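# Tertiary structure, described
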Amino acid sequence: MSSKRCTVIGGSGFLGRHLVERLVDRGYTVNVFDIRQAYELPGVTFHQGDLCDKQALLVALKDVSIVFHCASPAPGSDDRALFQRVNIDGTQTVIQACHEAGVQKLILTSSASVVFEGTDIKNGREDLPYAKKPIDYYTETKIQQEKLVLEACSKEKGFLTVAIRPHGIFGPRDPQLVPILVDTARRGKMKFIIGDGSNLVDFTYVENVVHGHILAAEHLKADSPLCGQAYHITNDEPVRFWDFMSQILVGLGYSAPRYHLPYTLVYGIALLLWLIALVLRPLIRIKPTFTPMRVALAGTHHYYSCTRAKKDMGYQPPVPLQEAIVRTVESYPHLQKGA
Ligand SMILES: NC(=O)C1=CN([C@@H]2O[C@H](COP(=O)(O)OP(=O)(O)OC[C@H]3O[C@@H](n4cnc5c(N)ncnc54)[C@H](OP(=O)(O)O)[C@@H]3O)[C@@H](O)[C@H]2O)C=CC1
Ligand SMILES: CC(C)CCC[C@@H](C)[C@H]1CC[C@H]2C3=C(CC[C@]12C)[C@@]1(C)CCC(=O)C[C@@H]1CC3
């Protein structure tokens, strides 16, 4: 079996598609398994299906040595049952299917948020404990998912696993960060800075995240330290959350937020709105922009050390932050003010 045959589960998504494109450039033969087919690419075979369906997965894993698992429901969803089904039960199914298909390596896209509880993290390393009180269902199930994948690593069985923990992925075609930011600005709600605006955060350019995944796949061997480990992959350039948001907004022609609001006040309001939305859910579906998770992310320090990835797999982010911001802004002409 060729070591360059792989399947990308979630390959139609934002990160997954960038990963597929890079893998093809590097001479890999790529299958995509996703609930939807979003594009066509020469040399890529698409398999449409739900990752909870083992029989469908087995077809996409035939004769494949590496599996990248980067599928997840959108983090903004509040559907607890969906997160449980896809991130936990579905990941168990992925592991079983890998065993049955004779896959040798599984690379999971986890998240640095698995250790985030809504309070400051400065230069956090991978040995921080998992969040005891995860801030939402997404984080809760990403923790369980990561544990399942790392525990499945077995040199004896010839099945090696590793988890990549990116943070705040951004770049061309991202359906979340820039579109949500612009939508909020267009509705006149991006006037306020939550807290004093000095909190440092990691935002990671999508190509750097892809680079981390490919390095992990290529360095994952029975005698390597990567087996069963998690790795932070960031731009390694923490930036003030509000400077980053302002640069994107100004680049697209919108005004940067100027007025400060106390963090605890905004967090309290977000919590209240979330509770109201929960109570009213049987009658009406409300989706507040400022969720407790977003407020916590916008008002605290959360940046992570990638020393382990540098040491074990020679990781260095290929695209620096300023270059990444320019490329991102240029990739959204349709979101420019007045477009
Ligand atoms: N974006 C970020 O800032 C960060 C993301 N991550 C992780 O990176 C990974 C990729 O994220 P991102 O690219 O942003 O997400 P996307 O939503 O863009 O991509 C995920 C893909 O998986 C698909 N999918 C969802 N459920 C299933 C299923 N049951 N079976 C098959 N395919 C399914 C989605 O389809 P559909 O769109 O139809 O649901 C989508 O095509 C995720 O695991 C996420 O947790 C980690 C840290 C930060
Ligand atoms: C309305 C504004 C206060 C915020 C707009 C930007 C946000 C949409 C994004 C800022 C940080 C982002 C982020 C994620 C999603 C988009 C943001 C909240 C994640 C939750 C995506 C999934 C993860 O694993 C962690 C990410 C952390 C940062």
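For the structure itself, look to the data block above.
What counts as what
- Residues numbered from 1 in each chain as written.
- Chains lettered and ligands numbered in written order.
- Predicted model: local features only at pLDDT ≥ 70, side-chain atom pairs only at ≥ 80, totals over all residues.
- Heavy atoms only, no water.
- Helix = DSSP H or I, 4+ residues; strand = E, 2+ residues; numbered from the N terminus.
- Buried < 20%, exposed > 50% of the residue type's maximum accessible area, 1.4 Å probe, protein only.
- Contact = heavy atoms within 4.5 Å.
- Salt bridge = Lys/Arg side-chain N within 4 Å of Asp/Glu carboxyl O.
- Axes fitted to C-alpha atoms, helices over the stretch in contact; angles between N-to-C directions.
- Parallel < 35°, antiparallel > 145°, perpendicular 65-115°, else oblique.
- Left-handed = near helix turned anticlockwise from the far one by under 90°.
- Nonpolar A, V, L, I, M, F, W, Y, C, P; charged D, E, K, R; others polar.
- Near = heavy atom within 4 Å.
- Polar contact = N/O pair within 3.5 Å; in protein donor to acceptor, adjacent residues only side chain to side chain.
- Areas by Shrake-Rupley, 256 points an atom, 1.4 Å probe, with all protein chains shown as cover.

## Considerations on the environment of E140
With respect to the helices and strands, the residue E140 is situated in helix α4 (residues 137–151). Note on E140: relative accessible area 31%, which makes it partly exposed. Through-space distance from the C-alpha of E140 to that of N87 is 9.7 Å; in sequence the pair is 53 residues apart. Once residues lying within four places of it in the same chain are set aside, the contact partners of E140 are R80 and P134.

## Remarks on unusual backbone geometry
Most peptide bonds adopt trans geometry, and most residues besides glycine take a negative phi value. Unusually for a residue other than glycine, N123 sits at a positive phi of about 55°. Along the chain, the position of N123 falls in strand β6 (residues 121–124). Positive phi, close to 75°, is recorded for R173, a residue that is not glycine. Here R173 shows up in the loop between β8 (169–170) and α5 (177–186).

## Quick word on the pattern of salt bridges
All chains considered together, the criterion is met by 17 salt bridges. Where R173 meets E21, a salt bridge forms, and the shortest distance between an N and an O atom there is 3.1 Å. Here R173, found in the loop between β8 and α5, pairs with E21, found in helix α1 (residues 14–25); they are 152 residues apart in sequence, far enough to count as distant. On the basis of relative accessible area, R173 is assigned to the partly exposed category, the value being 38%. The closest approach of N and O atoms between E100 and K54, which form a salt bridge, is 2.7 Å. Here E100 is found in helix α3 (residues 80–101), whereas its partner K54 is found in helix α2 (residues 54–61), with 46 residues between them in sequence. In the salt-bridge network here, residues are joined through shared partners; they are R17, E21 and R173.

## Here we look at the packing of α2 against α3
At a minimum axis separation of 9 Å, α2 and α3 run at an interaxial angle of 50°. As summarised for this structure, α2 and α3 are arranged oblique, according to the angle between their axes. Regarding α2 and α3, the two cross each other, and that crossing is right-handed. Of α3, the residues touching α2 (which contributes K54, L57, L58 and L61) are T93, V94, Q96, A97, C98, E100 and A101. Of the residues that constitute the contact of α2 with α3, the class distribution is seven nonpolar, two polar and two charged.

## Considerations on the site of ligand 1
Of all residues adjacent to ligand 1, which total 24 residues, the nearest are F14, L15, D34, Y138 and K142. In this structure, R36 approaches ligand 1 through a side-chain N or O atom, which is 3.0 Å from an oxygen atom. Contacts to ligand 1 include D50, whose side-chain N or O atom sits 3.0 Å from a nitrogen atom. In the complex, 85% of the free accessible area of ligand 1, which totals 880 Å², lies under the protein chains.

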